[in-house]
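Listed here are the chains, written in short residue letters.
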Amino acid sequence: MNLAWRAPFTSAELSALHHACFGSLSPVDWWTRVNAHSLGWVVARDGDVLAGFVNVAWDGGEHAFILDTMVAEGYRRGGVATRLVARAAEEARATGCRWLHVDFEPHLTRFYLESCGFSPTPAGLISLGLA
């Protein structure tokens with residue numbers, strides 16, 4: 001398994017992975033999106049197969065944010081997601097970020113807190129009512 005920072009991918013393959021992980025069917029120009037809004041991203045490949053991906057958004061300063069941690073079904077439960085997040089943290093640190101944030105659903109608590117080393121913090125959320 002090869003993990004690479006800011007590695008190339010196609011929007012079609014990332015849309016397919018996103019659909020497999022989150023159920024979204026909308027085609028997205030992922031390449032344009034991450035290049036416009038992200039500090040970087042980590043791509044996991046097994047040969048030519050996109051096995052995993054994590055996006056690292058940022059505020060332009062000291063705060064980076066983990067988004068869209070995804071692992072293809074055949075590669076889950078093998079440490080790929082943990083390695084993706086660890087590499088994202090390493091690269092964010094190397095760019096001068098001091099903080100790495102992540103929001104997650106309750107069923108991912110053990111993964112992010114125990115496997116990835118995040119600390120629990122209070123946070124707030126406002127639903128903007130968009131579907």
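Remember, predicted model here, so these are calculated numbers, not experimental data.

**Considering the overall build of the protein**
Okay, step 1: Along the protein, the regular secondary structure elements total four helices and five strands.
Okay, step 2: Taking 131 residues into account, the globule formula puts the C-alpha radius of gyration at 14 Å, and the protein, at 14 Å, falls close to it.
Okay, step 3: Across its three principal directions, the C-alpha atoms of the protein cover 40 × 35 × 30 Å.
Okay, step 4: Put simply, of all contacts in the protein between residues at least 6 apart along the chain, 56% involve residues at least 24 apart.

**Focus: the nonpolar core**
Okay, step 1: Counting 21 residues, the largest nonpolar core has Leu39, Val42, Val56, Ile66, Leu84 and Tyr112 as the members making the most contacts within it.
Okay, step 2: Here this core gets six residues from one element, more than from any other, and that element is helix α3 (residues 80–94).
Okay, step 3: Residues in contact with Leu84, not counting those within four places in the same chain, are Leu3, Val42, Val43, Ala44, Gly52, Phe53, Val54, Met70 and Val71.
Okay, step 4: Among the nonpolar cores identified, the runner-up in size contains 13 residues, and Ala7, Val34, Val43 and Phe53 belong to it.

**Section: the pairing of strand β5 (residues 99–102)**
Okay, step 1: Where strand β4 (residues 63–71) lies against β5, four bridges are found, and the strand directions are parallel. Bridged to Ala64 within β5 is Leu100.
Okay, step 2: The handedness of the β4 to β5 crossover, carried by α3, is right-handed.

**Remarks on the side chain of His18**
Okay, step 1: When you line up the elements, His18 lands in helix α1 (residues 11–22).
Okay, step 2: Residue His18 is classed as buried on the basis of its relative accessible area, which comes to 14%.
Okay, step 3: With residues up to four places along the chain from it excluded, the contact list for His18 reads Gly23, Ser24, Trp30, Asp68 and Met70.

**Side note on the pairing of strand β3 (residues 49–58)**
Okay, step 1: Among the 10 residues in β3, eight count as buried, and that is most of the element.
Okay, step 2: Strand direction decides the pairing type here: strand β2 (residues 38–46) and β3, joined by eight bridges, are antiparallel. The residue bridging Arg45 from the neighbouring strand is Leu50, located in β3.
Okay, step 3: Between β2 and β3, which pair antiparallel one after the other, the connecting turn spans two residues, and Gly47 there sits at a positive phi close to 65 degrees.
Okay, step 4: As judged from the six bridges shared by β3 and β4, these two strands associate in the antiparallel manner. Across the sheet, Phe53 pairs through a bridge with Met70, a residue of β4.

**A word on unusual backbone geometry**
Okay, step 1: Residues other than glycine seldom take positive phi values, yet Arg6 does so here, at roughly 55 degrees.
Okay, step 2: Along the chain, the position of Arg6 falls in the loop between β1 (2–5) and α1.

**Some remarks on the sheet that holds β3**
Okay, step 1: Strand order in the open sheet formed by five strands is β1-β2-β3-β4-β5, with mixed pairing between adjacent strands. Every other strand in the sheet has two partners, leaving β1 and β5 as the edge strands with one partner each. Strand after strand, the sheet turns through a mean of 25 degrees between neighbouring axes, direction not considered.
Okay, step 2: Contacts between helix α2 (residues 30–37) and the sheet are confined to β2, β3 and β4, with β2 contributing the most and set at about 135 degrees to the helix.
Okay, step 3: Contacting β1, β2, β3, β4 and β5, α3 runs over the sheet at an angle of about 155 degrees to β4.

Thresholds applied
Residues numbered from 1 in each chain as written. Predicted model: local features only at pLDDT ≥ 70, side-chain atom pairs only at ≥ 80, totals over all residues. Heavy atoms only, no water. Helix = DSSP H or I, 4+ residues; strand = E, 2+ residues; numbered from the N terminus. Rg over C-alpha atoms; globule rule 2.2 N^0.38 Å. Contact = heavy atoms within 4.5 Å. Core = buried A, V, L, I, M, F, W, Y, C linked by side-chain atoms within 4.5 Å. Buried < 20%, exposed > 50% of the residue type's maximum accessible area, 1.4 Å probe, protein only. Pairing = 2+ DSSP bridges. Right-handed = clockwise from strand over helix to strand, strands pointing away. Axes fitted to C-alpha atoms, helices over the stretch in contact; angles between N-to-C directions.

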